Protein chains: 2
Amino acid sequence: MKKLGSQRFHIAPGERYHLKHIDPHDDAGIDEKGEAKDLVEELQAKLQSFQQCLYAQGRHALLIVLQGMDTGGKDGTIRHVMGAFDPQGVIVTPFKVPTEEELAHDFLWRIHKAVPRRGMIGIFNRSHYEDVLVVRVRKLAPEEVWRARYEQINQFEKLLSDNGVAVVKLFLHISPEEQAERLRERQTRPDKQWKFNPGDLEDRALWHDFQTAYEDALTLCNTAWAPWYVVPADRKWFRNLAVSRILLDVFEGLELAFPKPVPDIDSYVIPDVPERQG
Amino acid sequence: MKKLGSQRFHIAPGERYHLKHIDPHDDAGIDEKGEAKDLVEELQAKLQSFQQCLYAQGRHALLIVLQGMDTGGKDGTIRHVMGAFDPQGVIVTPFKVPTEEELAHDFLWRIHKAVPRRGMIGIFNRSHYEDVLVVRVRKLAPEEVWRARYEQINQFEKLLSDNGVAVVKLFLHISPEEQAERLRERQTRPDKQWKFNPGDLEDRALWHDFQTAYEDALTLCNTAWAPWYVVPADRKWFRNLAVSRILLDVFEGLELAFPKPVPDIDSYVIPDVPERQG
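The following paragraphs examine the structure supplied in this document. (Residues numbered from 1 in each chain as written. Chains lettered and ligands numbered in written order. Predicted model: local features only at pLDDT ≥ 70, side-chain atom pairs only at ≥ 80, totals over all residues. Heavy atoms only, no water.)

**Concerning the sheet that holds strand E3 (residues 121–125) of chain B**
Residue and element names in this part refer to chain B.
Point 1. Spatially, E2-E3-E1-E4-E5 is the arrangement adopted by the five strands of the open sheet, whose pairing is parallel. Two strands bound the open sheet, and with one partner strand each, they are strand E2 (90–94) and strand E5 (228–232). Averaged over all pairs of adjacent strands, the angle between strand axes in this sheet comes to 20 degrees, irrespective of strand direction.
Point 2. Bridge count between strand E1 (residues 61–68) and strand E4 (residues 165–173): eight bridges; the pairing is parallel. Looking across to E4, one finds that Leu63 is bridged to Val167.
Point 3. Docked against the sheet, helix H10 (residues 236–253) engages E1, E3, E4 and E5, running at close to 160 degrees with respect to E4. (Pairing = 2+ DSSP bridges. Helix = DSSP H or I, 4+ residues; strand = E, 2+ residues; numbered from the N terminus. Axes fitted to C-alpha atoms, helices over the stretch in contact; angles between N-to-C directions. Contact = heavy atoms within 4.5 Å.)

Now the structure itself:
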C-alpha cells in the first residue's frame, strides 16, 4: 500500500506539471491479478464508511472534479469508483456545452449552483476547467478573457474550501495510442457506438494544444486548498485504484466523526402499538 | 423466479389495499442463504444493462417513489438496490419538511422540479404522498384540502407518464414489532444513534392512523399509469429482492434500445497524433 500514496500523483503548488514526463501506462509496480483486487476491496470498504460519516456529520462536502481527454475514462471512473458510494450521498453533474442562459452569466455561475451541500459528495464530469481548455484551444474567447480565469478559479475554489467544501481535482491522463484504441472500440462495438462522436476526432487532431492547455491549468490552479492530481489512466484497473487511494487520503484529512446523539438518548421509551381495531 | 413476479406485490386499480392482510414478514418461500443470492446477482446485472440503455437512449425517465413508516428501510433500499446503478444516471431527492419557499407554492411544485430528465432514474425518498399522509394524520391541512389531493396527484402522475416518465411507487411495509427493534438499534448502536429522532416515537404512537392514511393513498392513487406496490419489508434481503424484481418488470415494459449511431460510422478515420515538438 505504501507505494501507492496519493502524493505519487501530485506535485507541490508552484511547480510545473510536464505531462510528457508522466507515463499514462504507469501501474506503480502493482500486480493487477494479485494484490490489486484486495487493495480495491479494502479501499472501497473504507471509502464507504468515510462517506457514511461525512453524510451523518453534515459538516463537510466533498467536490470531485474530473477532467480528461475524450475517452479518458471519466464515465468509467464514476461507475467503478464512485459507484461504491451510497447513491443518496452523491450527486453527479455533467457539464456540457453551456446553454443560452448559462452563457448569459459569468462562467462560474452554473458551477456554483452545482456545488454539493454539506454532507454530500459532488462529482463534476467536466467542469469550469473547460473554460480554460476547449475555450482556449478552440479560441471561443479572447486570450485576455481566458487568461484571467486561472486566478478567478483559484479564488472561487478558495471560497469553497473556506466554507467546508473539500475540493479534489483529477486529470485522467491517457496516451494518444490508448485513445485511438478506445475510439475504435466505440466505432465498432454495438453497445458503445452511441458514444461515438465525430467531434472527438477533431479534438484528437488538436491533441498537443489540449495537452499544453491542460499543463497550464494543472500548474496555475494547483493550490494548497484545491490540489490537482494527474492519474495515469491507460490501464483502467490502475486508474480506479489510484483514484480510490487519492479520495481516501482526502477523507483522512477531514475531521470526520458521527455527530452526537440527542441528549439522554437512553431515556426514551419506545411505545407499544396496540392491536388494530376493525 | 416465477414465484417472484412483481404482480405478487400489486393489485388492480380500483381494488382496496388492506395492509393487515399483507404479511410484512413474507419471503415468498425463497431461501435466503440459497437461491436468494443468485437471484439478486442475476437481477442486478440485468438492471445495470437496462439502465445503460435507458441512459443511452434518453427517451424515457424512471421515477421511483419510496414511502414507508420510519425505519421502513427507504435508505437501505436506496443503498443496496439502487446502489447497483451507475451514479451518473441516478438522482436521489429526499423530501423533508417543506421550506418556506416550498410552502408558498402548491404541494406539487417542489416535486415537479425534481422529476428526472429523460435517460435518468429519479428516486424520491418520501414524496408528494407526505401531503396525504403526515399532513392528514397530524391535521396540518383541513380535510377538504388533502382530500382533493388524491385526484390532483393522479392527474400530475398522468402528465408525467404521458411525457415519457415511467412512475413506480413502492410502499415498504413493516410490522410494528420490526419497527420497535430497529428503533432500539438506533437508540443503542453508536454508528446509528445519529438517526435516532424522538419525533419518530410520536409517529409510532399514531401507527394505525398512518396505516389508514396509507391504505387510502395506496388505493386511491393506484393507477394504470403509476401503480403502487406493497413490498413486505421486515426481512431486508427479501425487500431488496422484491424491489429489484419490480424494477426489472418496469424496465421490461419500456421499449429500450441503444440509439442508432451516427450515419456511416465506419467511414470515419481516426487521425494519428504526431510526436510532440519541444
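**A word on the packing of helix H7 (residues 176–188) of chain A against helix H8 (residues 198–205) of chain A**
All names here are of chain A.
Point 1. At a minimum axis distance of 12 Å, the contact between H7 and H8 shows a crossing angle of 165 degrees. Accordingly, the angle class assigned to the pair H7 and H8 is roughly antiparallel. The handedness of the crossing between H7 and H8 is left-handed. Across from Pro176, Gln179, Ala180, Leu183 and Arg186 in H7, the residues of H8 making contact are Asp200, Leu201 and Arg204. (Parallel < 35°, antiparallel > 145°, perpendicular 65-115°, else oblique. Left-handed = near helix turned anticlockwise from the far one by under 90°.)

**Observations concerning the sheet that holds strand E3 (residues 121–125) of chain A**
Sheet strands associate in pairs through backbone hydrogen bonding, adopting either a parallel or an antiparallel arrangement.
Residue and element names in this part refer to chain A.
Point 1. Ordered by their spatial adjacency, five strands build an open sheet running E2-E3-E1-E4-E5, and the pairing between neighbours is parallel. Lying at the two open borders of the sheet, with one neighbouring strand each, are strand E2 (90–94) and strand E5 (228–232). Between one strand and the next, the sheet's axes are offset by a mean angle of 20 degrees, whatever the strand orientation.
Point 2. Pairing between strand E1 (residues 61–68) and E3: five bridges, direction parallel. Note on E3: the bridge partner recorded for Leu63 is Gly122.

**A few points about the relation of the copies chain A and chain B**
Point 1. The transformation that overlays chain A on chain B combines an axial shift of 0.0 Å with a rotation of 180 degrees, and the residual RMSD is 0.0 Å. Read as a symmetry element, the transformation amounts to a two-fold axis.
Point 2. With an isologous cut-off of 70% or more, the 100% of interface residues of chain A that recur at the interface of chain B puts this contact in the isologous class. (Least-squares fit on C-alpha atoms with pLDDT ≥ 70 in both.)

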